[in-house]
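Working through the structure, step by step
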Amino acid sequence: MHSSEAFILLAFCMGAYFAPFISKRMMIPVAVGEILLGIALGWFFADVHYSKEIIGFLAELGFLVLMYLAGMEIDFENIRTLPKRDLASYGAVALLIVFFSLIIAYMLGDEPIMAVAYMTVAIGLLFPVLQDTGLISTKEGQALLVIGGIGEVFSLLGLTFAVLYYRYGITVEAGIHILKIGAFIFFVYAVTKLLRLMIWWFPKIAAIFTTTGNLSEMGIRANFVNMFVFVAAAVFMDIEPIVGAFIGGMLFSMLFFTKENIVDIFSGVGNGFLIPVFFIHVGLGFDLSNLKNFAVVSQGFAIAAVLLSIRVLSVIPMFFSALPRKIIMVTPFALSFPLTLMVTVATLGKQYEMMSDETSASLIICAVLTAIIYPVLSKAIVRALYSKENFAD
């Protein structure tokens, strides 16, 4: 390892350590603080020549862990116990977000990848917002998580097909890759069925994936194996590795209902180092000159406004659910800060040349803006509409 690489790695580690303290003082999400710290490091090390292989590898690994955790966060047990009417209305909200994203992207004359950006929904930041407001244990809070989880799946599917379209267009080769995606889905289905059968016959198998607190930490090791099985399968079938990681996390969530301990510890492994490195790396690749470009910055604000507008239009099905009407006022804001997936779209969009560097920068700016502004507005609306007794519940 070269001395400059060691120094850069040290800077990343120190950044990952101090980012939570700085972010708390600035009253912004930690992930946003890490991106801003990465931008600062990019400016500081602008004239330093170093190999980016180590940092790039760690950032990519952090990206995979982030998407695996995103899959683990989806509560399938909660979805299974929902009344069909409510589940249909929540699914309709997610579908309308996709529909209006496609329509608005077409009306604005945007590239197809922007429709994917508009439809992105993520529950990574939504979860702590619901915890802070006390809604996490209520029916309304769980409804938002279900809508967010369904939207997250749609977002990843949209991104997968967007990458496929940009790489191969409408060709025979594209058709072959769609068949590969079908084969991958069948592989996931078969593995799910097989593991459910094995767990039913041999319940002790579940302990392999969920055991924590011992010296060998077999649960953590088993989850890394599970993640890389699906990452390897995705790569073998020429699908984005992050899709494999996300599906691996979803599979874990589907099979194991008692998962809180292992999710907390695996999250600690990821959020303790690897995921911060990913977000810092995103900031490191941000071109500071874009902040001086009025068109880039204004586009970031415009995308943030479009995100909220689409979600305002999409909440209509919630009027047909059993939810209180006041939660409908919160929903558009609560579903409008998809930090992790917006950064994902910006990263892959730039990597596969699906968008210009300026548009990618606008998406990063939008991700930061929405992660700061919309959670604050969500909390303010909740506190205005719900009594203190509701928070206590």
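In this report, we go over the structure that sits alongside the text. All figures in this text were calculated on a predicted structure; none of them were measured in a lab.

Helices and strands together make up the secondary structure of the protein chain, namely 18 helices and zero strands. Relative to the 2.2 N^0.38 estimate, which gives 21 Å for 393 residues, the radius of gyration of the protein chain is 21 Å and therefore close to what a compact globule would have. Viewed in the frame of its principal axes, the protein chain has a C-alpha envelope of about 60 × 50 × 50 Å. Counting only residues that meet the buried cut, the protein chain has 53% of its 393 residues in that class. When contacts within the protein chain are restricted to residue pairs at least 6 apart in sequence, long-range pairs at least 24 apart make up 80% of them. When the accessible surface of the protein chain is split by element, carbon and sulfur atoms take 70% of a total near 18,700 Å².

Any two side chains of opposite charge can pair, given that their charged atoms come close. Following the criterion strictly, the structure yields one salt bridge and no others. The closest approach of N and O atoms between D86 and K139, which form a salt bridge, is 3.5 Å. Taken together, the positions of D86 in helix α5 (residues 84–107) and K139 in helix α8 (residues 139–168) put the pair 53 residues apart, joining distant regions of the chain. Under the relative-accessibility criterion, D86 is labelled buried at 3%.

The next thing to look at is the layout of surface pockets. Unfilled space is identified by rolling a water-sized probe across the atoms. When its volume is computed, the second largest pocket comes out at roughly 900 Å³. Forming the boundary of the second largest pocket are 34 residues, of which H281, V282, G285, T347 and K350 lie nearest the centre. Across the lining of the second largest pocket, the residue classes tally to 19 nonpolar, eight polar and seven charged.

Conventions and cut-offs
- Residues numbered from 1 in each chain as written.
- Predicted model: local features only at pLDDT ≥ 70, side-chain atom pairs only at ≥ 80, totals over all residues.
- Heavy atoms only, no water.
- Helix = DSSP H or I, 4+ residues; strand = E, 2+ residues; numbered from the N terminus.
- Rg over C-alpha atoms; globule rule 2.2 N^0.38 Å.
- Buried < 20%, exposed > 50% of the residue type's maximum accessible area, 1.4 Å probe, protein only.
- Contact = heavy atoms within 4.5 Å.
- Areas by Shrake-Rupley, 256 points an atom, 1.4 Å probe, with all protein chains shown as cover.
- Salt bridge = Lys/Arg side-chain N within 4 Å of Asp/Glu carboxyl O.
- 1 Å grid on protein atoms, 1.4 Å probe; cavity = no way out; pocket = protein on both sides within 12 Å on 5 of 7 lines; lining within 4 Å.
- Points joined across faces, edges and corners; volume = space filled by probe spheres on them.
- Nonpolar A, V, L, I, M, F, W, Y, C, P; charged D, E, K, R; others polar.

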